[in-house]
Amino acid sequence: MKTDKVFPECGLKRYELTKLLPGHKAGDARWNSGKTFGFVYHPGEPHAKISEAYQEAFRYESTLNPSAFPSLRKFEKEVVGMATELMHGDSKVAGSVTTGGTESIFLALKVARQAAVETGKNEGPFEVILPETAHPAFLKACHYLSLKAVVVPVDGQMMAEPGAMQDAINENTIMLACSAPCFPCGVVDPVRRLGKVAQKYHLLLHVDACMGGFMLPFMEELAYKVPEFDFRVPGVTSISLDAHKYGYAPKGVSIILYRNRELRRKQFFIHTEWSGGIFASTTFSGTKSGGPLAGCWAIMNHLGREGYRTMARKVMDTTRIIRDGIENMEGLHILGDPSMSVLAFSSTHGNIYNIGDALASRGWYIDRLQFPEALHLTITRLNLGMADEFLEDLQEIMGNKEELNSARKGMQESVKAVEMITKLLPAGITNKVARRAGSQMESPGEEEGSQAALYGISASFDNRKSVQRLVENLLDGMY
Ligand SMILES: *Cc1c(COP(=O)(O)O)cnc(C)c1O
């Protein structure tokens, strides 16, 4: 079978690649316009430049060998030290820099499993109790580590229920987890009450502050009402916080902190019998670039606490306007009582995904939730000054019956159709096809992509297995 080669025999000239460069981004989200929520956390110019210079300088160095690159070891110790101060940890607190929230959470669960194995108290499978709003990274980690995730419903305010989580404890339970705040609706779980439960049953308690770690402490300093969530709460044994979100560090930096060094030791992997020598690594990844860590160290030192406070205040000013605007708009309501700049809203007037599509057609790039059906906003520095335009567009959409009520029909048939289409077509264009298929379910022939249909399907469709297969096909086809 003859295939088109993708690896060129003769390399492209430098000028050829340079000419191609701008074109690569043509179809990407235009985050610089201020109409993309989340995904990109940019510190703004000229701050970004200094972080970029540090990234550049350490791009080829590897964090795997601390004795070869003492610079990177220093950066890591200092970033962990700054994060510890932010989380009000004492001198016993220890941690590591990781590649992201997923790795931080993975390691916290690995430590919990290791601790359970060492006590040898039972056979397992060990169980981790999570509120349903907890990030899927927990489920992914459980999947890889052969732990059982016990997912407990949240209350009407989208908050973890300590009573219900306590009821789920049995002799296999090793850890409780919660969020500060959760990604879906920005609500901080009742950490103090969960800490009490964890202590009573001698369990570990992980607080996922991937979102809030670089916002909530500064908001507290600015006298916002911030729920307790960090090491000041008895019973909290580990915290994850993402520098590559509101820490405005380059992508690929998160921090995992433990109450003490004994816990952190359980995270390490050491293999003494390798023909290549004694192999020791502190986190999950092997070789990784020193660039993101160096960039993170630089931006934290450059902004300082004062810089982060200023950023947090501005982001919260914009959030306040958007939140008030949504709350005052007839037919819309915010889910729960979000603590910071992450929030979700739903509608009693017309389908919320249609509202999402209508916003998308006006250039806004936003996330969707499925249980309950809602739209999701992560407001960052890039959205400053955009609140009025956003609310005007939303107001206009809420007044447009046609946009609100365009029918969603034939859902179940459509899932099969999309599945067929993604199977039949060659790789590479399935992404486009999926989007187009989504729009065709609503109104055949329409060219603009509609995510409402796809999300509508997944939320309303009874057979989750089919949704899983559909997504598998999409992923498989996309790469
Ligand atoms: C982003 C996020 C994660 C996962 O982090 P990654 O950096 O995407 O791996 C986990 N929990 C919360 C609350 C998050 O916002």
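Residues numbered from 1 in each chain as written. Predicted model: local features only at pLDDT ≥ 70, side-chain atom pairs only at ≥ 80, totals over all residues. Heavy atoms only, no water.

Peer 1: Would you mind going over the sheet that holds strand S10 (residues 332-334) in detail, with residue names and values included?
Peer 2: Adjacent strands of a sheet pair through backbone hydrogen bonds, lying either parallel or antiparallel. With antiparallel pairing, 4 strands are arranged side by side in an open sheet as S10-S11-S13-S12. One side of each edge strand has no neighbouring strand; the edge strands of this open sheet are S10 and strand S12 (367-369). On average, adjacent strands in this sheet sit at an angle of 35 degrees to one another, irrespective of strand direction. Relative to strand S13 (residues 374-378), S12 runs antiparallel, the two sharing 3 bridges. Its bridge partner lying in S13, Leu369 is registered against Ala374. Against the sheet, helix H10 (residues 291-327) engages S10, strand S11 (342-347) and S13, with an angle of about 135 degrees to S10. Against the sheet, helix H12 (residues 387-398) contacts S10, S11 and S13, and its axis sits at roughly 15 degrees relative to S11. (Pairing = 2+ DSSP bridges. Helix = DSSP H or I, 4+ residues; strand = E, 2+ residues; numbered from the N terminus. Axes fitted to C-alpha atoms, helices over the stretch in contact; angles between N-to-C directions. Contact = heavy atoms within 4.5 Å.)

Peer 1: Could you give me a rundown of a nonpolar patch on the surface, with the residues and numbers involved?
Peer 2: Residues Val471, Leu475, Met478 and Tyr479 make up a contiguous nonpolar surface patch of roughly 450 Å² in combined accessible area. Looking at where Val471 falls in the secondary structure, it is placed in helix H17 (residues 464-478). You can call Val471 partly exposed: its relative accessible area is 40%. (Patch = residues over 30% accessible without salt bridge, like charges linked within 9 Å, V, L, I, M, F, W, Y side chains within 5 Å. Areas by Shrake-Rupley, 256 points an atom, 1.4 Å probe, with all protein chains shown as cover. Salt bridge = Lys/Arg side-chain N within 4 Å of Asp/Glu carboxyl O. Buried < 20%, exposed > 50% of the residue type's maximum accessible area, 1.4 Å probe, protein only.)

Peer 1: Can you break down the layout of surface pockets residue by residue, with the values?
Peer 2: Here the idea is plain: a probe the size of a water molecule rolls over the atoms and shows the empty space left. Roughly 700 Å³ of internal volume is contained in the second largest pocket. Lining the second largest pocket we find 32 residues, and of these Arg73, Glu76, Gly95, Arg264 and Thr282 sit closest to its centre. Every element with two or more residues in the lining of the second largest pocket is listed here: helix H3 (70-86), strand S1 (94-98), helix H9 (261-265), strand S8 (269-271) and strand S9 (279-281). Broken down by element, the residue count for the lining of the second largest pocket peaks at 7 residues, all from H3. Of the residues assigned to the lining of the second largest pocket, the class counts are 13 nonpolar, 13 polar and 6 charged. (1 Å grid on protein atoms, 1.4 Å probe; cavity = no way out; pocket = protein on both sides within 12 Å on 5 of 7 lines; lining within 4 Å. Points joined across faces, edges and corners; volume = space filled by probe spheres on them. Nonpolar A, V, L, I, M, F, W, Y, C, P; charged D, E, K, R; others polar.)

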